[in-house]
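Residues per chain, in single letters:
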Amino acid sequence: MNLAIIDTETIRWSSEINGGFDNLQAFGLTLLAIGIPQSDGTLDYALFSPYASLPQFPTFDFNFISREQATSALERAERIVSFNGDNFDFSILQSAKFKVENWRHKSFDLLTIFVRAAGHRISLDNLATSQFQESKSFDSSKRAVEFWRSGLELLRGWSGSSNLDQTTSNQFCRQTAKHLFQTVIDYCKQDVLITFQLYQHLLQHKQLSYYDQRADRSRTLDLSDLVDRGFYCGYR
C-alpha cells in the first residue's frame, strides 16, 4: 500500500485568531512535510511552502517541491497518515487552496482513533514518550510559529545600525533566518517520523501506551477492535 505521512505548520497561533481553533482558515500554512516510506523502512521527505516563492528562499537550498508535486504525492497515496489531520492539517491545506476532499477519504488519523477509544485527546509528545522514550524538539507548536515569523522578519535585512555595514548585517540576518527556518523544517519532519513510527507500532501491537496526567499513571489503550474493523478508512 502506498502511504504518505503528513504534518503542517502555520504562520499564526490560536491565541492570535478570533475563534481560535474554531477558525482554522485564519491560521495560514507555512510548511507541509510529506514522508514517503521507502523499501528499507526509512522515509523520503518532500517539503512544500507557499513562502518558497519569496526571492530569498531559493538561496537557502531547502529543495521545496511545487504545489503540483505536493498534490501529486498525496493523490498517489492510498492512505494518508497523520496526527490530527482530520481536524487540523486538512483544514490548513484547504485554506491554502489545496483540494483535500479526496484526501480526507484516505485518512488514517492516529488522534481520531485514540479519541474514539479513550474519549479524550492526547498529545503526540505524550505518545512518543510513552512508546519510544523520545520527546519532540519543541514543547509546543507555538514555537514553530514564532521561529518561522522571526525568520521572515530577519529577511528584511539591514537593521540600519551605524555599528554594522549593510552587507555584513544582511548576511547575518539571512544566515540567522535560514537557521530558524531549518529548525522549523526539522521539527515538522520529526513529527512526520514520530507519526510514522506510531502508525507502525499500532498496526503491529494494536495498542498505544500513554501517560494519564489526571490519574498520574501510565495506561495502555487496546485499539485492536478499531484497527481490525478498519475504522480509520474513509472520512468520518
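Everything below is about the structure printed above this text.
A brief structural summary.

The rules behind these values
Residues numbered from 1 in each chain as written. Predicted model: local features only at pLDDT ≥ 70, side-chain atom pairs only at ≥ 80, totals over all residues. Heavy atoms only, no water. Helix = DSSP H or I, 4+ residues; strand = E, 2+ residues; numbered from the N terminus. Buried < 20%, exposed > 50% of the residue type's maximum accessible area, 1.4 Å probe, protein only. Contact = heavy atoms within 4.5 Å. Axes fitted to C-alpha atoms, helices over the stretch in contact; angles between N-to-C directions. Parallel < 35°, antiparallel > 145°, perpendicular 65-115°, else oblique. Left-handed = near helix turned anticlockwise from the far one by under 90°. Nonpolar A, V, L, I, M, F, W, Y, C, P; charged D, E, K, R; others polar.

**Structural notes on unusual backbone geometry**
Stage number 1. The phi dihedral of N63 is positive, around 55°, even though this residue is not glycine.
Stage number 2. The phi angle at K206 is positive, at roughly 55°, despite the residue not being glycine.
Stage number 3. Secondary-structure assignment places K206 in the loop between α7 (166-205) and β6 (207-212).

**A look at helix α2 (residues 85-95)**
Stage number 1. Counting buried positions along α2 gives nine out of eleven residues, so the element sits mostly inside the fold.
Stage number 2. Of all the positions in α2, only G85, D86, F88, D89, F90, S91, I92, L93 and S95 are classed as buried.
Stage number 3. On its buried face, α2 sits against β1 (3-10), β2 (29-37), β4 (79-82), α3 (101-104), β5 (107-109) and α4 (110-118).
Stage number 4. Looking one or two places after α2, you find K97, whose phi comes out positive at around 75°.

**As for the packing of helix α6 (residues 141-154) against α7**
Stage number 1. One way to put it is that α6 packs onto α7 with a least axis distance of 8 Å and a crossing angle of 155°. Here α6 is positioned roughly antiparallel relative to α7, judged by the angle of their axes. Between α6 and α7 the crossing geometry is left-handed. Between α6 and α7, the residues in contact are S141, A144, F147, W148, S150, G151, L152 and L154 and C173, T176, A177, L180, F181, T183, V184 and Y187, respectively.
Stage number 2. Across the contact of α6 with α7, the residue classes break down as eleven nonpolar, five polar and no charged.

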